[in-house]
Amino acid sequence: MTGPHTEFLPDWVQWARDSHALHLGSGPPREAPDRRYLVAEAADGPIHDALLAVGFRAVSTVRSYGWTPAGPPPAASRPVSMLIGDRDHDALCEEFKARFSFKPSYTYYPGIEEPSDSVTWHVGDVTDTRHSYGLMRNLPDDHRVARLQKAVERDLRACVRPGEQLYSVSWWHQGYRFDPARVGGSGQPTWPGAACWEGEYYTLLTRDLRMGTFWHPWEESLCVFGAELLAEVEHDLTAILGTVMRRGGRNTGNVWTFESRSDAV
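Throughout, residues of each chain are indexed from 1 in the direction in which the sequence is written. Restriction of local features to residues with pLDDT of at least 70 applies here, the model being predicted, together with a cutoff of 80 or more for giving and counting side-chain atom pairs; totals for whole chains, interfaces and linings are based on all residues. Here the side-chain values reflect all heavy atoms present in the structure, with hydrogen atoms and water set aside.

Novice: Would you mind going over the packing of aromatic side chains with me for this structure?
Specialist: The description of an aromatic ring pair uses the distance of the two centres, along with the angle that the planes make with each other. Each Phe, Tyr or Trp ring (for Trp, its six-membered ring) is paired with any other whose centre lies within 6.5 Å, and the angle between the two planes then decides the class: stacked below 30 degrees, edge-to-face above 60, tilted in between. Scanning the entire structure with this criterion turns up nine aromatic pairs. Plain terms: the ring middles of Y106 and W218 are 4.9 Å apart, the flat faces sit at 55 degrees to each other, and that makes the pair tilted. Of this pair, Y106 sits in the loop between α3 (87-100) and β4 (118-122) while W218 sits in the loop between β8 (212-216) and β9 (221-225), and the two are 112 residues apart along the sequence. A relative accessible area of 35% means that W218 is categorised as partly exposed. With a centroid separation of 6.1 Å and 25 degrees between ring planes, the pair formed by Y201 and F214 is classed as stacked. Residue Y201 is located in the loop between β6 (175-178) and β7 (202-206), and its partner F214 is located in strand β8; the two are separated by 13 residues in the primary sequence. Here the two residues Y201 and F214 agree in accessibility, since each one is buried. Three or more aromatic residues joined by ring pairs form one cluster here, namely F96, F100, F102, Y201, F214 and F225. Numbering of helices and strands starts at the N terminus; helices are DSSP runs of H or I of at least 4 residues and strands are runs of E of at least 2. Buried, partly exposed and exposed residues are distinguished by accessible area as a fraction of the type maximum, computed with a 1.4 Å probe on protein chains only: under 20%, between the cut-offs, and over 50%, respectively.

If you want it as structure tokens, here you go:
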């Protein structure tokens, strides 16, 4: 009830007190219970007064309290937001495709024009038949893909600016915008997305595209770009994955990349 419409109230009270049959939905009427209640909630004011005037009785009160705990102020936004049909997410995908010339393909490698401040590692040789990296959260802690994920999370968290959010982008699935300082820890939501994922192109990005990761599922390669992120993560990933595959988009001599004329998919 949006106002003190007292003409409704007598019928409500009569219905609650005297009805001998209760008709709910499309089924047949059934006997009403011996005692029936009609509960209303209203703040002090004309609606409250109108309810009391026709026979309602106050049985309880509700009070709101403000609490200001010690420490930093509570966050004004959720730690993770799903991006379904989100214009910002769609715009970010288009900006990434334009800046890095993203060409999804089963056989065309690399899938992007890797920038000069980038390093790419081959990840395929650290996987095994017992553990799919597509199910990364089920991997044992000492598995190299799990260690890879932890290193990427830790180093991205160390590089973002105070209050800066990250984006987890997969072109054919929902994306996420999240605060890296408020995910992945005890009592926090899990880190959205992954550094590598079976059968899916995946990126972890800052909104301005100055740093991030790009996973190519068919080449099984992980490209990390952005000088500040590389300064944090290169040593860790080389220790986990082994020799660098490409630096600044150029083969380092230990692994060769061959382009294909096959149709992109």
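Novice: Just to check I follow, could you spell out the pairing of β7 for this structure?
Specialist: In the case of a regular strand, side chains alternate between the two sheet surfaces. Burial analysis of β7 places five of its five residues in the buried class, which makes it a mostly covered element. Along β7, one buried face is formed by Y202, L204 and T206 and the opposite face, lined by T203 and L205, is buried too. Of the pairings in the sheet, the one linking β7 to β8 comprises four bridges and is antiparallel in character. Paired with Y202 across the bridge in β8 is W215. Here, strands pair whenever DSSP counts at least two bridges between them. The antiparallel pairing of β7 with β8 creates a hairpin that spans five residues between the two strands, and L209 there sits at a positive phi of about 60 degrees.

Novice: Looking at this structure, how should I read the sheet that holds strand β3 (residues 80-83)?
Specialist: Adjacent strands of a sheet form backbone hydrogen bonds with each other and so pair up, either parallel or antiparallel. Read across the sheet, nine strands follow the order β3-β6-β5-β7-β8-β9-β4-β10-β11 without closing on themselves; strand pairing throughout is antiparallel. In this open sheet, the two strands that pair with only one neighbour each are β3 and β11 (250-251). Note on contacts: a residue pair is in contact if any heavy atoms of the two residues lie within 4.5 Å. Axes here refer to lines fitted to C-alpha atoms; in helices the fit is confined to the stretch in contact. Angles between the N-to-C directions go from 0 to 180 degrees. Contacts from helix α5 (residues 227-241) reach β4, β8, β9 and β10 (246-247), with the element oriented near 15 degrees to β4.

Novice: What's the story with the environment of L9 in this structure? I'm lost.
Specialist: Here L9 shows up in helix α1 (residues 9-18). The class of L9 is buried, set by a relative accessible area of 0%. Distance from L9 to V54, taken between C-alpha atoms, is 6.7 Å for residues 45 residues apart in sequence.

Novice: Sorry if this is basic, but what is going on with the nonpolar core here?
Specialist: Across soluble globular proteins, nonpolar side chains have a tendency to be buried as a group. To qualify as a nonpolar core, a set must consist of buried Ala, Val, Leu, Ile, Met, Phe, Trp, Tyr and Cys residues joined through side-chain atoms within 4.5 Å. If you look at the biggest cluster of nonpolar residues, it comprises 29 residues, and the most contacted ones within it are W121, L148, V224 and L237. Leave out the neighbours within four places in its chain, and L148 touches V123, C196, L222, L237, I240 and L241. Core analysis: the second largest hydrophobic core is formed by 16 residues, C93, F100, V169 and F225 among them.

Novice: Got a minute to help me understand the packing of helix α4 (residues 144-159) against α5 in this structure?
Specialist: Each pair of packed helices can be summarised by the angle the axes make with each other and by the distance between the axes. At their nearest, the axes of α4 and α5 sit 9 Å apart, and the two run at 165 degrees to each other. As summarised for this structure, α4 and α5 are arranged roughly antiparallel, according to the angle between their axes. By crossing handedness, the relation of α4 to α5 is classed as right-handed. Taking contact as the criterion, the partners of R144, R147, L148, A151, V152, R154, D155, L156, A158 and C159 in α4 are, on α5, E228, L229, E232, V233, D236, L237, I240 and L241. Nonpolar residues are Ala, Val, Leu, Ile, Met, Phe, Trp, Tyr, Cys and Pro. Charged residues are Asp, Glu, Lys and Arg, and all others, Gly as well, are polar. Tallied by class, residues from the contact of α4 with α5 come to 11 nonpolar, no polar and seven charged. With respect to orientation, any angle under 35 degrees is reported as roughly parallel, any angle over 145 as roughly antiparallel, any angle of 65 to 115 as roughly perpendicular, and every other angle as oblique. By definition, turning the near helix anticlockwise from the far helix through less than a right angle yields a left-handed crossing, and turning it clockwise yields a right-handed one.

Novice: I'm lost on the pattern of salt bridges in this one. Help?
Specialist: Side chains that differ in sign of charge can pair as their charged atoms come close. The term salt bridge refers to a pairing of a side-chain nitrogen on Lys or Arg with a carboxyl oxygen on Asp or Glu at a separation within 4 Å. A full pass over the atoms with the stated rule returns 15 salt bridges. Of the charged contacts, one joins R246 and E114 as a salt bridge, the two residues approaching to 2.8 Å between their closest N and O atoms. Residue R246 is located in strand β10, and its partner E114 is located in the loop between α3 and β4; the two are separated by 132 residues in the primary sequence. With relative accessibility at 11%, the residue E114 sits in the buried group. With a closest N to O distance of 3.1 Å, R154 and D236 form a salt bridge. Placement of the pair is R154 in helix α4 and D236 in helix α5, with a sequence separation of 82 residues. For R154, a relative accessible area of 42% translates into the label partly exposed. The partly exposed category is assigned to D236, whose relative accessible area is 21%. Here the residues in one salt-bridge network are D86, D88, E95, R177 and R207, joined through shared partners.

Novice: Sorry if this is basic, but what is going on with a nonpolar patch on the surface here?
Specialist: For patch building, the residue pool is restricted to those with more than 30% relative accessible area and no salt bridge; the joining distance is 9 Å between like charges and 5 Å between nonpolar side chains (Val, Leu, Ile, Met, Phe, Trp, Tyr). Only the protein chains shown count as covering a residue, and every accessible area follows the Shrake-Rupley method with a 1.4 Å probe. Together, F8, W12, W15 and L38 line one region of the surface with nonpolar side chains, adding up to about 380 Å² of accessible area. Relative to the helices and strands, W15 is located in helix α1. What makes W15 partly exposed here is its relative accessible area of 44%.

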